[in-house]
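Topology and contacts: notes
Chain by chain, the residues:
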Amino acid sequence: MAQQHSYPFVPYRPERYAEQDMITRGREFYEHLDRRRSVRFFSDEPVPRECLELAVRAANTAPSGAHQQPWKFVLIGDAATKKRIREASEVEERQNYEGGRLPPEWREALAPLETTSDKGYLEVAPWLVVCFAEKYGIRPDGRRVKHYYVNESVGIACGFFIAALHTMGLSTLTHTPNPMAFLSEICARPANERPYILFPVGYAAQDAEVPDLTRKADALVTFSPEDVFGP
Ligand code: IYR
């Protein structure tokens, strides 16, 4: 029987595949994602703006709390703004690395990545994308709209964004200069938006290197107590 909805609903029939195809597709997707690495050495070669627009469109398909889509992606391609962002980032990061603001435990965790306060890649990469999280919405009459699960929603959207770039052969880094309030000012964003992640985007430099990391082998935990699921 047709249900009554206060909002229009439409049929949804996602693709189904034969079991062997499901496994092949799943394996290929996993192997594709497994080839992605965060990059700190970029080429200055230009990247078509359309690639960035497509990645943002992919991000914008993410599920979100109450479908409030609490994200904004600011695209920066001009040298002067990139320079401002690099300089402001480095002011903060020098405090972190050289000014003792990073606690010893944090420094130890970062040591294998060999990160420093030099954020040259923010000027080299052809694009910077700043994702902002909308802490709350604003109705046309100026009243605030509460947003739900903002961090989860924006995190998922950024994951889609990263995967889309990787699919196009582009590289990025989930950079979170700390603190990063300066991005609100430079990008002229309103008070309901807070900077979430700064992504340099471009081709990896031809001589780029990444730490030889491994991924954890115990990500999957199986939990099926017999009394619930049976033998
Ligand atoms: N924001 C600093 C420090 C830093 C923090 C984490 I957590 C990293 O995974 C990497 C770096 C920086 O960008 O250098």
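Note that this is a predicted model, so its numbers are computed, not measured. (Residues numbered from 1 in each chain as written. Predicted model: local features only at pLDDT ≥ 70, side-chain atom pairs only at ≥ 80, totals over all residues. Heavy atoms only, no water.)

A look at the overall build of the protein chain
Along its length, the protein chain carries eight helices and six strands. N-terminal to C-terminal, the α/β element order of the protein chain is α-α-β-α-α-α-β-β-β-α-β-α-β-α. Within the protein chain, the fraction of its 231 residues that count as buried is 35%. Of the side chains in the protein chain, 28 bear a positive and 32 a negative charge, and the two mean positions are spaced by 7 Å. (Helix = DSSP H or I, 4+ residues; strand = E, 2+ residues; numbered from the N terminus. Buried < 20%, exposed > 50% of the residue type's maximum accessible area, 1.4 Å probe, protein only. Lys, Arg positive; Asp, Glu negative; His and termini not counted. Charge placed at Lys NZ, Arg CZ, Asp CG, Glu CD.)

So, the packing of aromatic side chains
Going through the model one piece at a time under the given rule, you end up with two aromatic pairs. Where F73 meets F161, the ring centres are 5.3 Å apart and the plane angle is 35°; that geometry is what we call tilted. Note that F73 is positioned in strand β1 (residues 71–76) and F161 in helix α6 (residues 150–167), a separation of 88 residues in sequence. Considered together, F73 and F161 belong to a single accessibility category, that of buried residues. (Phe/Tyr/Trp six-rings, centres within 6.5 Å; stacked < 30°, edge-to-face > 60°.)

Some words on the pattern of salt bridges
Overall, the coordinates contain ten salt bridges when judged by the stated rule. The closest approach of N and O atoms between R101 and E92, which form a salt bridge, is 2.9 Å. Here R189 ties to E193 by a salt bridge, and the two come within 2.7 Å at their closest N and O atoms. In this structure, a network of salt bridges that share partners links the residues K72, E134, R189 and E193. (Salt bridge = Lys/Arg side-chain N within 4 Å of Asp/Glu carboxyl O.)

Overview of the state of the cysteines
According to the stated counting rule, one finds zero disulfides in the structure shown. Looking at C131, it has no disulfide partner, and the nearest cysteine sulfur is the one in C158, 3.6 Å off. (Disulfide = S-S within 2.5 Å.)

Section: the site of the ligand
All residues adjacent to the ligand are R40, E93, Y97, W106, L110, L113, T116, K119, H175 and T176. Y97 places a side-chain nitrogen or oxygen 2.5 Å from an oxygen atom of the ligand. One of the side-chain N or O atoms of K119 is found 2.5 Å from an oxygen atom in the ligand. In isolation the ligand exposes 380 Å². Once the protein is present, 74% of that is buried. For the shell around the ligand, the secondary structure elements donating two or more residues are α3 (79–97) and α4 (104–110). In terms of residue class, the shell around the ligand is made up of four nonpolar, three polar and three charged. (Near = heavy atom within 4 Å. Polar contact = N/O pair within 3.5 Å; in protein donor to acceptor, adjacent residues only side chain to side chain. Areas by Shrake-Rupley, 256 points an atom, 1.4 Å probe, with all protein chains shown as cover. Nonpolar A, V, L, I, M, F, W, Y, C, P; charged D, E, K, R; others polar.)

A few points about unusual backbone geometry
Of note, the bond from N178 into P179 is cis; its omega dihedral lies within 30 degrees of zero at -5°. Mapping P179 onto the fold places it in the loop between β5 (171–172) and α7 (182–186).

Remarks on the UniProt feature "domain: Nitroreductase" (unreviewed entry) in the protein chain
The feature "domain: Nitroreductase" (unreviewed entry), as given by UniProt, occupies residues 34–203 in the numbering adopted here. Note that residues 34–203 is 38% helix and 19% strand, and that its end C-alpha atoms are spaced 18 Å apart. (UniProt positions renumbered as here; feature names shortened; annotations may be inferred.)

A look at the environment of F223
Relative to the helices and strands, F223 resides in the loop between β6 (193–202) and α8 (226–229). By relative accessible area, which is 68% here, F223 ends up exposed. With 19 residues separating them in the primary sequence, F223 and A204 have C-alpha atoms 40 Å apart.

Observations concerning the sheet that holds β1
The strands making up a sheet associate through hydrogen bonds between their backbones, and the pairing can be parallel or antiparallel. Spatial strand order, β1-β2-β6-β5: four strands in an open sheet with antiparallel pairing. This sheet does not close on itself; its edge strands, each paired only once, are β1 and β5. Contacts from α3 reach β1, β2 (127–134) and β6 within the one sheet, and its direction differs from that of β1 by about 110°. (Pairing = 2+ DSSP bridges. Contact = heavy atoms within 4.5 Å. Axes fitted to C-alpha atoms, helices over the stretch in contact; angles between N-to-C directions.)

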